[in-house]
Amino acid sequence: MELGMFVLLVVLHRWKLKAVRYYRTKTTVRQREWLNLIGQEAFHYAERAFTHYDGPAKLNEAVKYVLERSDSHGVDVTYPEIRAVIEKAWAETK
């Protein structure tokens, strides 16, 4: 009886580890997709709303936009990630 209970606990623990790995992987993919969409949105927002600004100032406004959106959604992003998605959106318009 004790051996059966031990085996059951080991199996449950392994399933839990697999579930956690799967969840982390899927969450990361969803966050990347979300960040890509918000980066495009931020780029277009800065281009339209700040037409009188130069390139670095527009980038700064786009970064602020992404940071505000990510804070409101509870998503942690770094400056290099933000800059990369904004520059990708810029490159796609060329």
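Within each chain, residue numbers correspond to sequence positions counted from 1 in written order. In keeping with the model being predicted, local features are shown solely for residues with a pLDDT of at least 70 and side-chain atom pairs are shown and tallied solely at 80 or more, while totals for entire chains, interfaces and linings include all residues. Where side-chain values are given, they derive from all heavy atoms of the structure, hydrogens and water being excluded.

### Considerations on the packing of aromatic side chains
Consideration 1: Here the aromatic set is Phe, Tyr and Trp, taking the six-membered ring for Trp, and pairing holds for ring centres within 6.5 Å; pairs whose planes are under 30 degrees apart are stacked, those over 60 apart are edge-to-face, and all others are tilted. Going through the model one piece at a time under the given rule, you end up with three aromatic pairs.
Consideration 2: Ring centres of Y45 and F50 lie 5.7 Å apart, and the angle between their planes is 90 degrees; on these two criteria the pair is classed as edge-to-face.
Consideration 3: Residue Y45 is classed as partly exposed on the basis of its relative accessible area of 39%.
Consideration 4: Note on F50: relative accessible area 13%, which makes it buried.
Consideration 5: Pairing F50 with Y53 gives two aromatic rings, centres 5.0 Å apart and planes at 35 degrees, and the pair type is tilted.
Consideration 6: Exposure categories follow from relative accessible area, calculated using a 1.4 Å probe and restricted to protein chains: below 20% of the type maximum is buried, above 50% is exposed, and the middle band is partly exposed. Residue classification places Y53 among the partly exposed positions, given a relative accessible area of 31%.
Consideration 7: Cluster of aromatic residues (ring-pair linked, three or more members): Y45, F50, Y53 and Y65.

### Notes on helix α3 (residues 79-93)
Consideration 1: We count a stretch as a helix when DSSP gives it H or I for four or more residues in a row; a strand needs E for two or more, and each element gets its number in order from the N terminus. By definition here, a helix of n residues has an expected span of 1.5 Å times n minus one. When the terminal C-alpha atoms of α3 are compared, their 22 Å separation across 15 residues agrees well with the 21 Å that a helix rising 1.5 Å per residue should span.
Consideration 2: Along α3, the residues that are buried comprise I82, V85, I86 and A89. Down the axis of α3, the sector holding all buried residues measures 95 degrees, keeping them to one side. Starting at the helix axis, one direction is taken to each C-beta atom, and the arc is that of these directions.

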